[in-house]
Amino acid sequence: MAEPVLHLQHGKNMDCEKKGVWSPEEDKKLIDYITKYGIWNWSQMPKFAGLSRSGKSCRLRWMNYLRPDLKRGPFHPKETQTVIRMYQSLGCRWSAIAKELPGRTDNEIKNFYHTHLKKRLGTKPKGRSKKEEKAKQIAKMSQKKPLLTLVQFKI
DNA sequence: AAAACCTGCAACCGCTCATTT
DNA sequence: TAAATGAGCGGTTGCAGGTTT
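Quick notes on the rules
- Residues numbered from 1 in each chain as written.
- Chains lettered and ligands numbered in written order.
- Predicted model: local features only at pLDDT ≥ 70, side-chain atom pairs only at ≥ 80, totals over all residues.
- Helix = DSSP H or I, 4+ residues; strand = E, 2+ residues; numbered from the N terminus.
- Buried ≥ 20, exposed ≤ 12 C-beta atoms within 10 Å, placed from the backbone.
- Contact = placed C-beta atoms within 7 Å.
- UniProt positions renumbered as here; feature names shortened; annotations may be inferred.
- Near = placed C-beta within 6 Å.
- Nonpolar A, V, L, I, M, F, W, Y, C, P; charged D, E, K, R; others polar.
- Core = buried A, V, L, I, M, F, W, Y, C linked by C-beta atoms within 7 Å.
- Axes fitted to C-alpha atoms, helices over the stretch in contact; angles between N-to-C directions.
- Parallel < 35°, antiparallel > 145°, perpendicular 65-115°, else oblique.

This brings us to the overall build of chain A. From N to C terminus, chain A includes seven helices and zero strands. N-terminal to C-terminal, the α/β element order of chain A is α-α-α-α-α-α-α. The buried share among the 155 residues of chain A stands at 12%. Put simply, of all contacts in chain A between residues at least 6 apart along the chain, 59% involve residues at least 24 apart.

Now the structure itself:
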């Protein structure tokens, strides 16, 4: 693999990170850089690629939009069935569900669920989300310390 | 024609987990 | 073993474009 090249310009403040929608130029910079040097460190990569973005933002953009193996487009009925089936057994484990659907990202599946399936699937899944896990943990803790006020969540 | 409302999706934020030092 | 750091995940938000009034 080629050595990463620093594209920083002298005197230019690259610390002020840009936010919001990505421009085609930024996309191109990221694609070009990853094609050339690969993914080696998300937090360092943006400044080497000449991008005023956080590493997190670059990673998200690449994973959810720029990766060449992404399918995009509407969900096939078979994919929809898989999402429903997986959601009912795993819950909001979007990344785990995404592994069953090659070419689809966790973000895409999450959005698809919220916009298309949420109304259809009124029932609660078997699995639990992180939030629910935490709530359960808090409840467990407060059982040990009865003096603490128990906050109840209406789920 | 335009204002108000709705919908879908890209992106951000805060957190946890895994790895390294 | 603990602290620091980077990667990944899920919840949420904000905006653009479409639809309705």
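On to the UniProt feature "domain: HTH myb-type" (unreviewed entry) in chain A, then. Within the UniProt annotation, "domain: HTH myb-type" (unreviewed entry) is assigned to residues 18–70 and 71–121. From the first C-alpha to the last, residues 18–70 spans 25 Å; its make-up is 58% helix and 0% strand.

Around DNA strand B, the structure places 13 residues, and the nearest of them are K19, V21, W22, S57 and T115. Elements supplying a minimum of two residues to the surface near DNA strand B: α3 (55–66) and α6 (106–117). Examining the composition of the surface near DNA strand B, we find that five residues originate from one element, α6, more than from any other. Broken down by class, the residue content of the surface near DNA strand B amounts to five nonpolar, five polar and three charged.

Counting residues in each nonpolar core, the largest one holds seven residues, listed as V83, M86, Y87, W94, I97, L101 and I109. Elements represented by at least two residues in this core include exactly α4 (77–90) and α5 (94–99). Ranked by residues supplied to this core, first place goes to α4 with three residues. Apart from the residues within four sequence positions on either side, W94 is in contact with D106, I109 and K110. In this structure, Y33, M45, A49 and C58 belong to the second largest nonpolar core, which totals six residues.

Now for the environment of G38. With respect to the helices and strands, G38 occurs in the loop between α1 (24–37) and α2 (45–49). Residues G38 and N64, 26 residues apart in the sequence, show an inter-C-alpha distance of 17 Å.

A few words on the packing of α4 against α6. Interhelical geometry of α4 versus α6 gives an angle of 95 degrees and a closest axis separation of 11 Å. The angle between α4 and α6 places the two elements in the roughly perpendicular class. From α4, V83, I84 and Y87 reach across to α6, where they touch I109, F112, Y113 and L117. For the contact of α4 with α6, the per-class residue count stands at seven nonpolar, no polar and no charged.

Right, let's talk about the UniProt feature "domain: Myb-like" (unreviewed entry) in chain A for a bit. Under the feature "domain: Myb-like" (unreviewed entry), the UniProt entry names residues 18–66 and 67–117. Note that residues 18–66 is 63% helix and 0% strand, and that its end C-alpha atoms are spaced 18 Å apart. The span residues 67–117 shows a helical share of 63% and a strand share of 0%, and its end C-alpha atoms are spaced 25 Å apart.

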